[in-house]
Amino acid sequence: MEKPQFDNKNNLPDKLLKPYSPADTEDRIYSAWETSGYFNPDRCIEDGVTKADAEHFSIVLPPPNVTGTLHTGHALMLVIQDIMVRYQRMLGKKTLWIPGTDHAAIATQSKVEKLLEKEGIRKSDLGREAFLKRVEQFAQESHDTIVNQAKKMGASLDWSREAYTLDEKRTVAVRTAFKQMYDDELIYRKYRVINWDPKGQTVISDDELVYEERDAMLYTFKYWKDFPISISTTRPETKVGDVAVAVHPDDARYQKFIGQTFTGTFCGVDLSITIIADQGVEPEFGTGALGVTPAHSKVDWEMAQKNNLEVIPVINEFGKMTVGGEKLEGKKTAEARDIIAQWLRDEGLMEKEDKIKQNVSTAERTGAIIEPLPKLQWFIDVNKPIAARENKSLKQLMQDAVSSKEIEILPERFDKNYFYWINNLQDWCISRQIWFGHRIPVWYKNGESYVGIEAPAGEEWEQDPDTLDTWFSAGLWTFSTLGWPEKTKDLATYHPTSVLETGHDILFFWIARMILMSTYLLGEIPFKTVYLHGMVRAANGQKMSKSLGNAAVDPLDIIAKYGNDALRMAMIIGNTPGNDLKLDENDIRGYGKFGNKIWNATRFVLDNIADLDFDEACQLDAEDQISLDELNSLITTVTTEMNEFKFSLAGEKLYHHFWHTFADVIIERSKTKISEGRNVSSAKWILYLELMTLIKALHPFMPFVTEEIWSMLPALNEVEGPATDAKKLLIIEAWPTSA
RNA sequence: GCGCGAUUAGCUCAGUUGGUAGAGCAACUCGUUUACACCGAGAAGGUCGGGGGUUCGAGCCCCUCAUCGCGCACCA
């Protein structure tokens, strides 16, 4: 059967007669926003959109790594932040959202190394300079992709303030921060056992360790026949570096040996073993005695420091043995382990071999098993009292910022994780043996060293070859992006920032480090609210990852299919802070339909209010007045929820009201009134008021379709009557208030 | 080992200070009424993981157990 044609006697725009097409709309709308300049708060002030003395609202975008393209996780972060920013801008605040990218030192370097590997090139073949050129080229390409993607996602970022963690300004910030910390003796260089990644050939911080449970063999044996105590270990190969055996001070079995030294030969290596007492030894585990290898275990290193023991390195940076003659030297640790285990059996020294589960630390980036090694590295002291900060340590500064409620973490339960992490925090190792990143601003000459922003004068000064942990520069992000160390107007206006929105997986890596840097360097918090989102998962709950093959869910594909507005709604509704989000294509499709529903409702309203006389006072009949009251109370509720970061609730209420109250009840009711000529003016007024209000309130959630509709409401943007001045864009329209 | 979270309609999840259980999707029945079939109307569907406690009243607070997931941790 033929469907009756919409007669369009009121000459509605052609595009409004067809179903809504995000693909034909979104790019055009984004360009209009960019051209307007309203992503930049300065422009809003110039044009009188925002008052110069208005309250500020600022967010720094967690800078995506320049390691490739944006994924759904990035899309989620862009959506949540864009909603906040659009809402705050409509409230009339000086609203700034700063974009940027992160050089992501190790991650980017290893990515490029892998690409070069495919070409059969090693980074050592290229040399430092040529290699860095390749990395920078790669980083630039990634950057361009990322920027384009962010724009596709509708992010209302102020591109005029874009920053990069490795650009010139940020380099000055990094060096200034380094120098100040060095001068305050918070940064120091020390030889100690660190986490060595044999694959990445660099030291990594404690936070970059990932523990993996593995099967291991626990060997129980004596070093030699007349040694009085048996020890247990999973790593016999390190025992050639042993200098002591530690027992619990109260252990009756071993007390009599404490303080004695025994010498002998273990697998061809001469050892001198002193029996020491340490509270940390668990009498119940193994034999209750522990072989101490100061060079290859952090715990043992500390025992050695306390007891003044010698440190004997036996493993090198490549995970190979450096002692033991022909039998062991040059062998990989795993091989040496078997050789020693066999030797123990052959010698009749092996007493027990037990299969156990063991947590081994691996490197987050390379997956390699960490080899603890003693090395000279740079550290940040987290316990030293700082005179300029009321003698508080960095640890205390981090703690106080949150415990004082100056910084609020959403959801609140992450407070506990944060405090727990701080309590267990040890000095932060900030040097890395990689090429890509901020080179440590320290120069050496004949045993002399110089720390500064610029290289010292004179030829012979040699800069430290190491680079800084990428989180050092990231820690400065809230203020380095605003111009620090210069005293800029931006810094005065927009810092502390209002909200930091990111995934809970980088609470320690990044959020804690930003709090550290900001409270120390500026004496103020970096942000007031931390909003932590969960991880985006596939519809079946699986983690999206390349190895599972479902990381192929490209946000741009979804946008091409259903539109950005639909993706946004699917990412916001049903999503609460801290909880993972299952992204289901059905939901996205559903919200795509909602966009069309809004579109069609607009067609109906515009067609019916074409002859509405705006000079006449708005007079509503009883039921329409009730509807208006309901609308007002909806807006009040939604506003409260927006202020409390409850975007899911707010979005869902707007969705539901639009569809099931405005469309299903009010529009349907108006048809009867208009066709019967009963309370026609009231019916038209309520159509108009509802549509106007809902389009505005929906804008932060669905910016494209609402802006597009807004542009088709000629001279209707003031309730009082037709506007005569040039039409404003919806992004700078005032957030609706209940009348 | 310590800590955290989840467990609510078939599925995915909301539920803000304790006050008569909600949404979306799916499924069911009916309906093409000129904004929209990317639609409408209607009905159906839950002893809120188990057990105990506090309370006039508990999805929500307390205790306990179970299952799943996550974070942290120097049992060698």
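Owing to the predicted nature of the structure, the values given are computational and were not obtained by experimental measurement.

**Topic: the overall build of chain A**
For step 1, the next point in the chain: When helices and strands are counted, chain A shows 24 helices and 25 strands.
For step 2, the next point in the chain: Looking at chain A residue by residue over its 739 residues, the buried ones come to 56%.
For step 3, the next point in the chain: Taking all contacts inside chain A whose residues are at least 6 apart in sequence as the whole, residues at least 24 apart take part in 75%.
For step 4, the next point in the chain: Entry remark: accessible area of chain A is about 32,500 Å², with carbon and sulfur atoms responsible for 48%.
For step 5, the next point in the chain: Computing the positive centroid from 84 side-chain charges and the negative centroid from 111, chain A places the two 2 Å apart.

**Remarks on the sheet that holds strand β6 (residues 202-204)**
By way of backbone hydrogen bonds, the strands of a sheet pair with one another, either parallel or antiparallel.
For step 1, the next point in the chain: If you walk across this open sheet you meet the four strands as β6-β5-β14-β16, and the pairing is antiparallel. Each of the sheet's edge strands pairs with one partner strand only, and the pair in question is β6 and β16 (428-429).
For step 2, the next point in the chain: Looking at chain direction, strand β5 (residues 187-197) and strand β14 (residues 371-380) are connected through 10 bridges and run antiparallel. Counterpart to R192 in the pairing with β14 is K375.
For step 3, the next point in the chain: Helix α9 (residues 298-307) rests against β5 and β14 of the sheet, and its axis sits at about 140° to β5.

**What about the protein's contact with RNA strand B?**
For step 1, the next point in the chain: Inspection of the region around RNA strand B gives 40 residues, with E282, N359, K582, R603 and W659 positioned closest.
For step 2, the next point in the chain: The protein-proximal atoms of RNA strand B, defined as those within 4 Å of the protein, are 65% sugar or phosphate.
For step 3, the next point in the chain: At 3.0 Å, a side-chain N or O of N600 approaches a sugar or linking oxygen of RNA strand B.
For step 4, the next point in the chain: At 3.0 Å from a sugar or linking oxygen of RNA strand B is found a side-chain nitrogen or oxygen belonging to E652.

**Considerations on the sheet that holds strand β11 (residues 269-277)**
For step 1, the next point in the chain: Strand order in the open sheet formed by four strands is β10-β11-β9-β12, and the pairing between neighbours is mixed. The strands lining the two open edges of the sheet, one partner per strand, are β10 (261-266) and β12 (289-292). Taken over all neighbouring pairs, the strand axes of this sheet differ in orientation by 30° on average, direction set aside.
For step 2, the next point in the chain: Sheet analysis places β10 next to β11, joined by six bridges and oriented antiparallel. Considered in β11, the bridge of T263 is made with S272.
For step 3, the next point in the chain: Together, β9 (244-247), β11 and β12 form the strand contacts of α9, whose direction differs from that of β12 by roughly 85°.

**A closer look at the pairing of strand β19 (residues 448-451)**
For step 1, the next point in the chain: Two strands pair when backbone bridges link them, and strand β18 (residues 442-445) and β19 are joined in this way by four bridges, in the antiparallel orientation. By the bridge assignment, W443 is partnered in β19 with Y450.
For step 2, the next point in the chain: In textbook terms, the turn of a hairpin is the stretch between consecutive antiparallel strands, and for β18 and β19 this stretch comprises two residues, one of which, N446, has a positive phi near 45°.

**Considering the pattern of salt bridges**
Where charged atoms from two side chains of opposite charge come close, those side chains can pair.
For step 1, the next point in the chain: Summed over the entire model, instances satisfying the criterion amount to 48 salt bridges.
For step 2, the next point in the chain: Among the salt bridges present, the one from K352 reaches D354, with a minimum N-O distance of 3.9 Å.
For step 3, the next point in the chain: Judged by its relative accessible area of 27%, D354 falls in the partly exposed class.
For step 4, the next point in the chain: Salt bridges sharing common partners tie together D621, E623, D624, R669 and K673.

**Re the packing of aromatic side chains**
For step 1, the next point in the chain: Within the structure shown, the criterion is met by 38 aromatic pairs.
For step 2, the next point in the chain: A ring pair is formed by F178 and F472, whose centres lie 6.4 Å apart and whose planes are at 50°; its orientation type is tilted. Here F178 is found in helix α8 (residues 168-183), whereas its partner F472 is found in helix α14 (residues 470-474), with 294 residues between them in sequence.
For step 3, the next point in the chain: By relative accessible area, which is 0% here, F472 ends up buried.
For step 4, the next point in the chain: Judged by centre distance (6.1 Å) and plane angle (90°), the ring pair of F645 and F647 falls under edge-to-face. In this pair, the class of F645 matches that of F647, namely buried.
For step 5, the next point in the chain: Here a set of aromatic residues connected by ring pairs shows up, and it is made of F221, Y223, W224, F227, F257, F262, F266 and W343.
For step 6, the next point in the chain: Between K123 and the ring centre of W435, over which it is positioned, the NZ or CZ distance is 5.5 Å.
For step 7, the next point in the chain: When the ring centre of W428 is taken as origin, the NZ or CZ atom of R513, which lies over that ring, is 4.1 Å away.

**What to know about the packing of helix α18 (residues 555-562) against helix α20 (residues 585-608)**
For step 1, the next point in the chain: The geometry of α18 relative to α20 is characterised by a closest axis approach of 10 Å and an angle of 40° between their N-to-C directions. Handedness of the crossing formed by α18 with α20: right-handed. Residues I558, K561 and Y562 of α18 touch α20, and the partners they reach there are E585, I588, R589 and G592.

**Quick look at unusual backbone geometry**
For step 1, the next point in the chain: Of note, the amide linkage connecting L410 to P411 takes the cis form, showing an omega dihedral of -5°.
For step 2, the next point in the chain: Among the secondary structure elements, P411 is positioned in the loop between β15 (408-410) and α13 (414-423).
For step 3, the next point in the chain: The peptide bond linking W484 to P485 adopts the cis configuration, its omega dihedral lying at 15°.
For step 4, the next point in the chain: Mapped onto the elements of the fold, P485 is located in the loop between α15 (477-480) and α16 (489-494).
For step 5, the next point in the chain: Backbone geometry places A104, a non-glycine residue, at a positive phi of 50°.
For step 6, the next point in the chain: Along the polypeptide, A104 turns up in the loop between β3 (100-101) and α5 (105-118).

**As for the packing of helix α19 (residues 564-572) against α20**
For step 1, the next point in the chain: Between α19 and α20, the shortest axis-to-axis distance is 8 Å and the interhelical angle comes to 125°. By the angle class used here, α19 and α20 are oblique. Like other packed secondary-structure pairs, α19 and α20 cross with a definite hand, here right-handed. On α20, the residues that touch A566, L567, M569 and A570 of α19 are D587, I588, Y591, G592 and F594.
For step 2, the next point in the chain: A per-class count over the contact of α19 with α20 returns seven nonpolar, one polar and one charged.

**Comments concerning the nonpolar core**
For step 1, the next point in the chain: Grouped together as the largest cluster of nonpolar side chains are 100 residues, with contacts concentrated most on F647, F662 and F701.
For step 2, the next point in the chain: F414, W471, F527 and V530 belong to the second-largest nonpolar core, a separate cluster that totals 60 residues.

**Overview of the environment of T263**
For step 1, the next point in the chain: Tracing the chain through its elements places T263 in strand β10.
For step 2, the next point in the chain: A relative accessible area of 60% means that T263 is categorised as exposed.
For step 3, the next point in the chain: When the C-alpha positions of T263 and E364 are compared, they lie 40 Å apart, and in sequence the two are 101 residues distant.
For step 4, the next point in the chain: Apart from the residues lying within four places of it in its own chain, the contact partners of T263 are W224, L271 and S272.

**Quick notes on a positive patch on the surface**
For step 1, the next point in the chain: A cluster of basic residues, K111, K114, K118 and K199, forms a positive patch at the surface.
For step 2, the next point in the chain: Along the chain, K199 falls in the loop between β5 and β6.

**Side note on the environment of I667**
For step 1, the next point in the chain: Position of I667 among the secondary structure elements: in helix α22 (residues 647-676).
For step 2, the next point in the chain: According to the relative accessible area criterion, I667 is buried, its value standing at 6%.
For step 3, the next point in the chain: When neighbours within four sequence positions are excluded, I667 is seen to be in contact with A601, F604, F662 and L687.

What counts and how
Residues numbered from 1 in each chain as written. Chains lettered and ligands numbered in written order. Predicted model: local features only at pLDDT ≥ 70, side-chain atom pairs only at ≥ 80, totals over all residues. Heavy atoms only, no water. Helix = DSSP H or I, 4+ residues; strand = E, 2+ residues; numbered from the N terminus. Buried < 20%, exposed > 50% of the residue type's maximum accessible area, 1.4 Å probe, protein only. Contact = heavy atoms within 4.5 Å. Areas by Shrake-Rupley, 256 points an atom, 1.4 Å probe, with all protein chains shown as cover. Lys, Arg positive; Asp, Glu negative; His and termini not counted. Charge placed at Lys NZ, Arg CZ, Asp CG, Glu CD. Pairing = 2+ DSSP bridges. Axes fitted to C-alpha atoms, helices over the stretch in contact; angles between N-to-C directions. Near = heavy atom within 4 Å. Polar contact = N/O pair within 3.5 Å; in protein donor to acceptor, adjacent residues only side chain to side chain. Salt bridge = Lys/Arg side-chain N within 4 Å of Asp/Glu carboxyl O. Phe/Tyr/Trp six-rings, centres within 6.5 Å; stacked < 30°, edge-to-face > 60°. Lys NZ or Arg CZ within 6 Å of the ring centre and 35° of its normal. Left-handed = near helix turned anticlockwise from the far one by under 90°. Parallel < 35°, antiparallel > 145°, perpendicular 65-115°, else oblique. Nonpolar A, V, L, I, M, F, W, Y, C, P; charged D, E, K, R; others polar. Core = buried A, V, L, I, M, F, W, Y, C linked by side-chain atoms within 4.5 Å. Patch = residues over 30% accessible without salt bridge, like charges linked within 9 Å, V, L, I, M, F, W, Y side chains within 5 Å.

As far as function goes, none of this settles anything; it's purely spatial.
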